[in-house]
Amino acid sequence: VSHWTEVGSLTNALENRSVLIRGRAQTIRAVGKNMAFVVVRERGFTVQCVATVQPDTVSRQMVKYIAGLSRESIIDIEGVVSVPSVEIKGTTQQVEVQVRKLYCVSKAAVLPINIEDAARSDVEIEKALQAGETLVRVNQDTRLNNRVLDLRTPANQGIFRIQSQVGNIFRQFLISEGFFEIHSPKLIAGSSEGGAAVFRLNYKGQEACLAQSPQLHKQMAICGDFGRIFEIGPVFRAEDSFTHRHLCEFTGLDVEMEIKRHYSEVMDLVGRLFVAMFDSLNKNCAKELEAVARQYPFQPLKYLPETLCLKFEEGVQMLKESGVEVDPFGDLNTENERKLGLLVLEKYGTEFYILHRYPLAVRPFYTMPCHDNPAYSNSFDVFIRGEEIISGAQRVHVPEFLTERAQACGIDVKTIQTYIDAFRYGAPPHGGFGVGLERVVMLFCGLNNIRKTSLFPRDPLRLAP
Ligand code: 4AD
């Protein structure tokens, strides 16, 4: 045997060929003293391996050794591919490997959670329980406490490949549109979003914060004549909210660009970027999406080739007409965002849309008011399935006015003085947006909790593993 074969590429074409594979012993089963079955899993693919006592290759002692392997141990197997006459149930591959040699590379200790149980859908769990199977429902905390094992389920293997693809498409699309990538500091002097949700720290005797967003520095880079930029990086929020969609650390996909005439230039980019992203995910991550849907069933996202843009006032009107009273100059709460999402789906047939021209009072200090009515602003949020994934806006680029706006929003201007000063030497009109990566994946896949799409989630109660 000269080279390794991946479990996923074991097919009929390799019948009678010798192969060398490495994977985890997912299940081990002995049949009498002369035979043992091991299902070997590698990157989500599984194959049944059979060890049968044979004069030259497999001894009884070896069968006994195999039967005593622990689940999830990493093993190397040399064997011959065979095609059984009956369909094999419970493995992804339709061939078997007749074991000649087996080495245990890394032995697994007794597992705190059963990975097959952790991989079942709610419907499968109900069925199994009704059939009298013994099975432990693995709850979210247990999963996260044992995240390394939890990550081995097919759904999680899918989720994090999808997440990677979202980042890839974001980067590729923006580069093709003339943007380039920056890396802004995460240790900064003041709060960048003007809120209270800031992690404070001591920076060599000076008070500092973990950046709540790249907001200030991506705008300063625009003042440095960078034109069109993006960043993919960590964002820290000392959120006290225990919700299904807030984390204390998440990955921000940020964009900032010069605007020639109107903030619709930014919304146009958002629309095209996300349609390209959804198209690509559906096309290139079909297997991953299927693996996620098998454990967490969901309907594919409905979106239009031309992204719908609605005015905030229109949204308020739609809610009113359906009998929901909302403050026309307040923010929409989560429940009303959801309701509006359903109304939009009904009326326009899309679960992805942009809502713009928000009331100025509910937006951060750096947001540009509308020139025709300063009670509104040149800003927008973007929704998937009725939940926010993006907020964006045109920014104030006049330093005196920016100072005024910061003061009006109760911000200590001293802490952001270098940011304000960046606009003193000529600053182009500009705008941009911030996307929450975990939210995009959660909502595209119709998942119910953002912790499912964060590798090692950080929330108010969790700093480990
Ligand atoms: O709405 P946010 O706070 O906007 C900003 O940070 C602006 N600087 C963006 C801009 O360029 N104007 O955050 C942007 C996105 C949200 O739409 C949401 O998807 C995500 O970041 N987000 C969170 N994701 C997980 N946990 C949290 N606590 C989040 N807070 C915001």
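Cut-offs applied
- Residues numbered from 1 in each chain as written.
- Predicted model: local features only at pLDDT ≥ 70, side-chain atom pairs only at ≥ 80, totals over all residues.
- Heavy atoms only, no water.
- Pairing = 2+ DSSP bridges.
- Helix = DSSP H or I, 4+ residues; strand = E, 2+ residues; numbered from the N terminus.
- UniProt positions renumbered as here; feature names shortened; annotations may be inferred.
- Near = heavy atom within 4 Å.
- Polar contact = N/O pair within 3.5 Å; in protein donor to acceptor, adjacent residues only side chain to side chain.
- Areas by Shrake-Rupley, 256 points an atom, 1.4 Å probe, with all protein chains shown as cover.
- Contact = heavy atoms within 4.5 Å.
- Axes fitted to C-alpha atoms, helices over the stretch in contact; angles between N-to-C directions.
- Buried < 20%, exposed > 50% of the residue type's maximum accessible area, 1.4 Å probe, protein only.
- Arc of directions from axis to C-beta.
- Core = buried A, V, L, I, M, F, W, Y, C linked by side-chain atoms within 4.5 Å.
- Parallel < 35°, antiparallel > 145°, perpendicular 65-115°, else oblique.
- Left-handed = near helix turned anticlockwise from the far one by under 90°.
- Nonpolar A, V, L, I, M, F, W, Y, C, P; charged D, E, K, R; others polar.
- Salt bridge = Lys/Arg side-chain N within 4 Å of Asp/Glu carboxyl O.
- Phe/Tyr/Trp six-rings, centres within 6.5 Å; stacked < 30°, edge-to-face > 60°.
- Lys NZ or Arg CZ within 6 Å of the ring centre and 35° of its normal.

Draft legend 1. Molecular detail of the pairing of strand S10 (residues 228–236). One ladder, built from two bridges, connects strand S6 (residues 180–181) with S10; its direction is parallel. The residue of S10 that forms the bridge with glutamate 181 is phenylalanine 230. Summarising the sheet, S10 and strand S11 (residues 249–258) pair through nine bridges and their orientation is antiparallel. Looking across to S11, one finds that glycine 233 is bridged to glycine 252.

Draft legend 2. Representation of the UniProt feature "domain: Aminoacyl-transfer RNA synthetases class-II family profile" (unreviewed entry) in the chain. Taking the UniProt record as the reference, the feature "domain: Aminoacyl-transfer RNA synthetases class-II family profile" (unreviewed entry) is found at residues 160–457. Summarising residues 160–457: 35% helix, 21% strand, and an end-to-end C-alpha distance of 13 Å.

Draft legend 3. Local environment of the site of the ligand. Around the ligand, the structure places 23 residues, and the nearest of them are Glu193, Gln215, Glu388, Ile389 and Ser391. Contact between the ligand and glutamate 239: a nitrogen atom at 3.1 Å from a side-chain N or O atom of the residue. Within the side chain of arginine 395, one N or O atom sits 2.8 Å away from an oxygen atom of the ligand. Here the ligand, which alone exposes 620 Å², has 92% of that area covered by the protein. Only helix H7 (215–223), S11, strand S15 (387–394) and strand S16 (430–436) provide two or more residues apiece to the shell around the ligand.

Draft legend 4. Quick look at the sheet that holds S10. Reading across from one edge, S6-S10-S11-S16-S15-S14-S13-S12 is the order of the eight strands in this open sheet, with mixed pairing throughout. Bordering the open sheet on either side are S6 and strand S12 (308–311), each of which pairs with just one other strand. Seen against the sheet, helix H14 (residues 437–444) touches S11, strand S14 (379–384), S15 and S16 and runs at an angle of roughly 135° to S15.

Draft legend 5. Region of the structure containing helix H1 (residues 60–67). Turning to H1, its buried residues number three or more, namely Met62, Val63 and Ile66. All buried residues of H1 fall inside an arc of 100° around its axis, so they share one side. The outward face of H1, more than 90 degrees from its buried face, is lined by the exposed residues Gln61 and Lys64. Where H1 is buried, its residues contact strand S1 (18–31), strand S2 (35–42), strand S3 (45–52) and strand S5 (96–106).

Draft legend 6. A look at the nonpolar core. Counting 55 residues, the largest nonpolar core has Phe274, Phe380, Ile389, Ile390 and Phe433 as its most contacted members. It is helix H8 (residues 264–284) that contributes the most residues to this core, ten residues altogether. Val38, Val40, Leu69 and Val81 belong to the second-largest nonpolar core, a separate cluster that totals 24 residues.

Draft legend 7. Spatial organisation of the side chain of arginine 147. Looking at the secondary structure, you find arginine 147 in helix H5 (residues 147–150). Within polar-contact distance, the side chain of arginine 147 engages the side chain of aspartate 150 at 2.8 Å. Among the polar contacts made by the side chain of arginine 147, one reaches the main-chain carbonyl oxygen of leucine 455 at a distance of 2.8 Å. Beyond its immediate sequence surroundings of up to four residues, arginine 147 is in contact with Asn156, Phe160, Arg451, Lys452, Ser454, Leu455, Phe456, Pro457 and Pro465.

Draft legend 8. Structural detail: the packing of helix H6 (residues 154–176) against H8. Relative to each other, H6 and H8 sit at 135°, their axes nearing to 10 Å. Relative to H8, H6 is oriented oblique. Between H6 and H8 the crossing geometry is right-handed. Of the residues in H8, those in contact with Ile162, Gln165, Val166, Ile169, Phe170, Phe173 and Leu174 of H6 are Leu269, Arg272, Leu273, Ala276, Met277, Ser280, Leu281 and Asn284. For the contact of H6 with H8, the class distribution of residues is eleven nonpolar, three polar and one charged.

Draft legend 9. Up close: the sheet that holds strand S7 (residues 187–188). On the basis of which strands lie adjacent, the open sheet formed by three strands has the order S7-S9-S8 and antiparallel pairing. Looking at strand neighbours, the two that pair on one side only are S7 and strand S8 (200–203), the edges of this open sheet. As paired strands, S7 and strand S9 (residues 206–210) are joined by two bridges and run antiparallel to one another. Its bridge partner lying in S9, leucine 187 is registered against leucine 210.

Draft legend 10. Broad picture of the pattern of salt bridges. Enumeration over the complete set of coordinates arrives at 31 salt bridges. Of the charged contacts in the structure, one is a salt bridge between aspartate 141 and arginine 462, with a shortest N-O distance of 3.0 Å. One end of the pair, aspartate 141, is in helix H4 (residues 140–145); the other, arginine 462, is in the segment after H14, with 321 residues separating them in the sequence. Given the relative accessible area of 47%, aspartate 141 is considered partly exposed. Across the salt bridge formed by arginine 147 and aspartate 150, the nearest N and O atoms sit 2.8 Å from each other.

Draft legend 11. A look at helix H9 (residues 286–295). Those residues of H9 that fall on the buried side of the exposure criterion are Leu289, Ala291, Val292 and Gln295. In a view along the axis of H9, the buried residues occupy a sector of 160°, so they form one face of it. Exposed positions of H9 whose direction lies more than 90 degrees from the buried face are Lys287 and Arg294. Tucked into the core, H9 has its buried residues touching helix H2 (115–118), helix H3 (122–130), H4, H6, H8 and H14.

Draft legend 12. The arrangement of the packing of aromatic side chains in detail. Summed over the entire model, instances satisfying the criterion amount to 13 aromatic pairs. Aromatic pair phenylalanine 312 and tyrosine 358: ring centres 4.7 Å apart, planes at 45°, arrangement tilted. Highlighted residues: phenylalanine 312 in helix H10 (residues 312–321) and tyrosine 358 in the loop between strand S13 (352–356) and S14, separated in sequence by 46 residues. Like phenylalanine 312, the residue tyrosine 358 is buried in the burial classification. Three or more aromatic residues joined by ring pairs form one cluster here, namely Phe274, Phe278, Tyr303, Phe352 and Phe444. Its end group placed over the ring of phenylalanine 37, arginine 29 keeps NZ or CZ at 4.6 Å from the ring centre.

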